[in-house]
Amino acid sequence: MELPVISNTAESGGGGCSSHSCGSTADQLNQIPDEILQKVFNHPCYSEDAHHHFARMHVAVAPACNIQCNYCNRKYDCANESRPGVVSELLTPDQAAKKTLVVASEIPQMSVLGIAGPGDPLANPERTFATFQMLSEHAPDIKLCVSTNGLMLPQSVDEIAKHNIDHVTITINCVDPDVGAKIYPWIFWNNKRIKGREGAAILIEQQQKGLEACIAKGVLVKVNSVMIPGVNDEHLKEVSRVVKSKGAFLHNVMPLIAEAEHGTYYGLTGQRGPTQDELQALQDACAGDMNMMRHCRQCRADAVGLLGEDRGAEFTLDKIAEYELDLEGAAARRAEVRDRIAAELEEKRNAKAAAPAPKLVALDMSGLATKEALRPVKMAVATSGGGVINQHFGHAKEFLVYEASEKGVRFLGHRKTDLYCSGGDTCGDADTTLQQTVKTLEGCEVVLCSKIGYEPWGMLEEAGIAPNGEHAMEGIEDAVMAVYAEMAAAGKLVAPVEAPAQSAA
Amino acid sequence: MALEINDLCVNCWACEPLCPNKAIYSASPHFEIDPDKCTECAGDYADAQCAAICPIEGAIVDELGDALNPPGSLTGIPLQLLMEAAGALEGTAAKVSSS
């Protein structure tokens, strides 16, 4: 799976990459120690800055799995670690290594290779480590990462530490076997299939041991959790506390994806996924304890390129087989690109540090009649990068969501418009794409974009979301605060507790 | 006695390395078990290893054609729902109630 950046921490003061989406990395990572920052600075999944510059790829070399999750149907790739219903082409370790080297020759921004499935990489140790071995040898500058359910992690830590693997992602959905029994119907352990609570207890124990062993060896650990309403949603706060106390550097809470057509236990039994608001609320609740990752875009297990783009189709097996590698030349190009980008990022960071406190547009309250507390407002922004509102509503594949309050602006996360079924192919009568998009924006009161068509305008208004194209090409934070100030001035923000009665003097 | 892999197999490779007799091999369209080598793990393990890790219900059968992991036994999905889902797949667009 794939992902970009980390989010802010709760104090919104710092601003940052659009305030977070496209400016400074440091602000988002401000709870993370420097030595870890050094390790992840060019990892596109961890730094919103880096993801505009560096590319990553996944190779599907690990088909076997040793557990069953209720959100997974093994007839497809894992629905929650990659996008639903997409079966990736299985590669041999040789093919995977060659593909990586070809991509890294063609795309000099390539900095990271991940192995995440479609099964569990550590349930396929020979295939996984053979791939890593070849890459450590032929392209030592490429960072390697691996994503696992954790069952075989304690046994694999020594091998992991041998390679150029800079971090491990463990999917930990629970630390309580009673919760686990509702998520994992069985595991394969010591030559037996072990069902129910007993299996979940072993899995949990192995995950925790593996986490501790990685930390002890100096391998960074990120934890992924799938939020399953009514099953582990409350419990994930505990998970976040536990994994942080053991040294995980980042926690990524992702929404359950469950649809009947995926044929999963959750899909068929009607288990729902969380709403965007529920997800954000949980991320907020965990944020006090832990660095939270909010930019995860749940990429496919075989994604290639910069985040948000997928160039996988360009690199077919035929093309890879024929390609003549120039390892040294390619490595030199990557080094050049990396240095240039590092310098640019450094310059930006310094400029930011030198600048006065970042554009936390102070809310001009002078025009307000009342002193009452103003409620926070969520706003969605269509942008194609650069920290400005520069995208047409209809072209946006994702929206950045910000919360404006009296304290300032803070970035909450991404909402993808194509995450869920958009009708058509698989489900006869689903909503139109536009309806889906509007639904995606649930909880937001305003959408800022460069332009918007007549039809979506009407639908948004009907849904209680105000479309706004007046701030095109403006900086996101300034615009969000300006709109917030307008809403305040219009008396729309008085907390819904009691009506403001003070009339203007 | 020997087990058999049928066309429900998704070629996930999980069983192949586990077989104590190296009876399992990759083939097209799906993995196969060499009946001359398969012992159903008798003498090696309490449970046939391929069937103990196989994630697909019904994909591994015995000589009588009976599934070692019958429908619902691994996923816990109620039979009624499995049948509805299979029916929906056979028909055209599945009528999906958004959950």
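None of the values given here were measured: they were computed from a predicted structure. (Residues numbered from 1 in each chain as written. Chains lettered and ligands numbered in written order. Predicted model: local features only at pLDDT ≥ 70, side-chain atom pairs only at ≥ 80, totals over all residues. Heavy atoms only, no water.)

### Comments concerning the overall build of chain B
Of the regular secondary structure elements, chain B holds 2 helices and 4 strands. Along the chain direction, N to C, the helices and strands of chain B fall in the order β-β-β-α-β-α. Counting all 99 residues of chain B, 37% fall into the buried class. Sequence separation of 24 or more characterises 42% of the internal contacts of chain B that already satisfy a separation of 6 or more. Total accessible area on chain B stands at roughly 5,500 Å², and carbon and sulfur atoms take up 54% of it. (Helix = DSSP H or I, 4+ residues; strand = E, 2+ residues; numbered from the N terminus. Buried < 20%, exposed > 50% of the residue type's maximum accessible area, 1.4 Å probe, protein only. Contact = heavy atoms within 4.5 Å. Areas by Shrake-Rupley, 256 points an atom, 1.4 Å probe, with all protein chains shown as cover.)

### So, the environment of Gly329(A)
All names here are of chain A. Its location among the elements puts Gly-329 in helix H13 (residues 327-354). The exposure class assigned to Gly-329 is buried, which follows from its relative accessible area of 18%. Measuring from C-alpha to C-alpha, the distance between Gly-329 and Ser-105 comes to 8.2 Å, with 224 residues separating the pair along the chain.

### Things to note about the packing of aromatic side chains
All names here are of chain A. Enumeration according to the criterion identifies 5 aromatic pairs over all chains in this entry. Positioned over the ring face of Trp-186 is Arg-193, at 4.3 Å from the centre of the ring. If you follow Lys-319 out to its NZ or CZ, it ends over the ring of Phe-315, 5.2 Å from the centre. (Phe/Tyr/Trp six-rings, centres within 6.5 Å; stacked < 30°, edge-to-face > 60°. Lys NZ or Arg CZ within 6 Å of the ring centre and 35° of its normal.)

### A look at the nonpolar core
In terms of nonpolar packing, the biggest core is built from 48 residues, with Val59(A), Leu113(A), Phe132(A), Leu153(A), Ile160(A), Ile165(A) and Val168(A) touching the most fellow members. In terms of residues, this core owes the most to one element, helix H4 (residues 93-106) of chain A, which gives 6 residues. The contact partners of Val168(A), leaving out residues within four places of it in the chain, are Val146(A), Thr148(A), Leu153(A), Ile160(A), Cys214(A), Val219(A), Leu220(A), Val221(A) and Lys222(A). If you look at the next biggest cluster of nonpolar residues, it comprises 26 residues, including Leu3(B), Ile5(B), Ala52(B) and Ala59(B). (Core = buried A, V, L, I, M, F, W, Y, C linked by side-chain atoms within 4.5 Å.)

### Quick notes on the environment of Asn6(B)
Residue and element names in this part refer to chain B. Position of Asn-6 relative to the elements: it lies in the loop between strand E1 (4-5) and strand E2 (24-25). Note: C-alpha distance between Asn-6 and Phe-31 (25 residues apart in sequence) is 8.4 Å. Each residue touching Asn-6, except ones within four places of it in the same chain, is listed here: His-30, Gly-58, Ala-59 and Val-61.

### Points about the sheet that holds strand E14 (residues 446-448) of chain A
All names here are of chain A. Taken in spatial order, the 5 strands line up as E13-E12-E11-E14-E15 in an open sheet, and their pairing is mixed. Edge strands, defined here as strands with exactly one partner in the open sheet, are strand E13 (408-416) and strand E15 (466-468). Within this sheet the neighbouring strands show an average axis-to-axis angle of 25 degrees, counted without direction. Bridging between strand E11 (residues 377-381) and E14 involves 3 bridges; their strand directions are parallel. Looking at the pairing, Ala-380 lines up with Val-447 of E14. Sheet strands touched by helix H11 (residues 276-287): E11, strand E12 (398-405) and E13. Its angle to E13, the strand with the most contacts, is close to 130 degrees. (Pairing = 2+ DSSP bridges. Axes fitted to C-alpha atoms, helices over the stretch in contact; angles between N-to-C directions.)

### Thoughts on H11(A)
Residues spaced three or four apart along an α-helix face the same direction, because each turn holds 3.6 residues. Residue and element names in this part refer to chain A. Taking 1.5 Å of rise per residue, 12 residues should cover 16 Å, and H11 covers 16 Å from first to last C-alpha, within 8% of that figure. Listed in full, the buried residues belonging to H11 are Gln-276, Leu-279, Gln-280, Leu-282, Gln-283, Cys-286 and Ala-287. In an axial view of H11, the angular spread of the buried residues amounts to 160 degrees, which keeps them on one side of the axis. (Expected span 1.5 Å × (residues − 1). Arc of directions from axis to C-beta.)

### As for the pattern of salt bridges
Residues and elements named next belong to chain A. Taken as a whole, this structure holds 17 salt bridges over all chains when the rule is applied. Ionic pairing is found between Lys-143 and Asp-166, a salt bridge with its closest N-O pair at 3.2 Å. Taken together, the positions of Lys-143 in strand E4 (residues 143-148) and Asp-166 in strand E5 (residues 165-171) put the pair 23 residues apart, joining distant regions of the chain. The salt bridge involving Arg-375 is made with Glu-445; its shortest N-O contact spans 2.6 Å. Of this pair, Arg-375 sits in the loop between H13 and E11 while Glu-445 sits in the loop between helix H14 (433-440) and E14, and the two are 70 residues apart along the sequence. For Arg-375, a relative accessible area of 21% corresponds to the partly exposed category. (Salt bridge = Lys/Arg side-chain N within 4 Å of Asp/Glu carboxyl O.)

### Let's talk about the sheet that holds strand E7 (residues 192-195) of chain A
All names here are of chain A. Taken together, the 3 strands give an open sheet; going across it, the order is E2-E6-E7, and neighbouring strands pair in antiparallel fashion. Of all strands in the sheet, those with a lone pairing partner are strand E2 (67-68) and E7, marking the two edges. Of the strand pairs in this sheet, E2 and strand E6 (residues 186-189) are connected by 2 bridges, and their pairing is antiparallel. From the neighbouring strand, Ile-67 faces E6, where its bridge partner is Ile-187. Lying over the sheet, helix H8 (residues 196-217) contacts E2, E6 and E7, oriented at roughly 105 degrees with respect to E7.

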